[in-house]
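Tertiary structure, described
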Amino acid sequence: ATVTVDDTGVGIPAAELPRIYDRFYRGDDARRRSDGAGLGLSIGKWIADNHGAVISLESVVGQGTRVTVRFPSLITAQLIS
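Quick caveat, the model's predicted, so the values are computed rather than measured.

**As for the environment of R26**
Relative to the elements of secondary structure, R26 occurs in the loop between strand 1 (2–7) and helix 1 (29–32). Judged by its relative accessible area of 23%, R26 is partly exposed. Along the chain, R26 and E16 lie 10 residues apart, while their C-alpha atoms are 9.3 Å from each other.

Below, the structure written as structure tokens:
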């Protein structure tokens, strides 16, 4: 199963992408003024990791961000066990 979430927000600069899953990381000054504590992606990654899923993110400044979570199939999970 795959879950994809797209937005048309400001995007995330490439230099910030390595830190996006860090707890409390909120990026540049513009993001710090917005609501939120910088926990969303770190929680999402924790959930994905604990379910054997892979989370990935693509972002283009000025165009938006796409987050994709790919969960292993039940058949694959049974073969691994």
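Right, picking up where we left off after that structure.
**Considerations on the pairing of strand 3 (residues 64–70)**
When you tally the buried positions in strand 3, you get five out of seven residues, the bulk of the element. As paired elements, strand 1 and strand 3 share six bridges and run antiparallel to each other. Looking at strand 3, one finds that V3 is bridged to V69. Taken together, the seven bridges between strand 2 (residues 54–60) and strand 3 define a ladder with antiparallel strand orientation. By the bridge assignment for strand 3, V60 is matched with G64. Hairpin connection from strand 2 to strand 3: three residues lie between these consecutive antiparallel strands, with G62 at a positive phi of about 85°.

**Things to note about the sheet that holds strand 2**
Spatially, the three strands line up as an open sheet ordered 1-3-2, and their pairing is antiparallel. In the strand order of this sheet, the two ends are held by strand 1 and strand 2, each with one partner. If you compare each strand with its neighbour and ignore which way they point, the axes differ by 10° on average. The strands touched by helix 2 (residues 40–50) are strand 2 and strand 3; relative to strand 2, the strand with the most contacts, the crossing angle is about 145°.

**Comments concerning the pattern of salt bridges**
Under the criterion given, the structure shown has three salt bridges. Residues D22 and R19 are paired through a salt bridge, measuring 3.1 Å at the closest nitrogen-oxygen approach. Between D49 and K45 there is a salt bridge; the shortest N-O distance is 3.2 Å. With D49 and K45 both in helix 2 and four residues apart, the pair spans about one turn of that helix.

Conventions adopted
- Residues numbered from 1 in each chain as written.
- Predicted model: local features only at pLDDT ≥ 70, side-chain atom pairs only at ≥ 80, totals over all residues.
- Heavy atoms only, no water.
- Helix = DSSP H or I, 4+ residues; strand = E, 2+ residues; numbered from the N terminus.
- Buried < 20%, exposed > 50% of the residue type's maximum accessible area, 1.4 Å probe, protein only.
- Pairing = 2+ DSSP bridges.
- Axes fitted to C-alpha atoms, helices over the stretch in contact; angles between N-to-C directions.
- Contact = heavy atoms within 4.5 Å.
- Salt bridge = Lys/Arg side-chain N within 4 Å of Asp/Glu carboxyl O.

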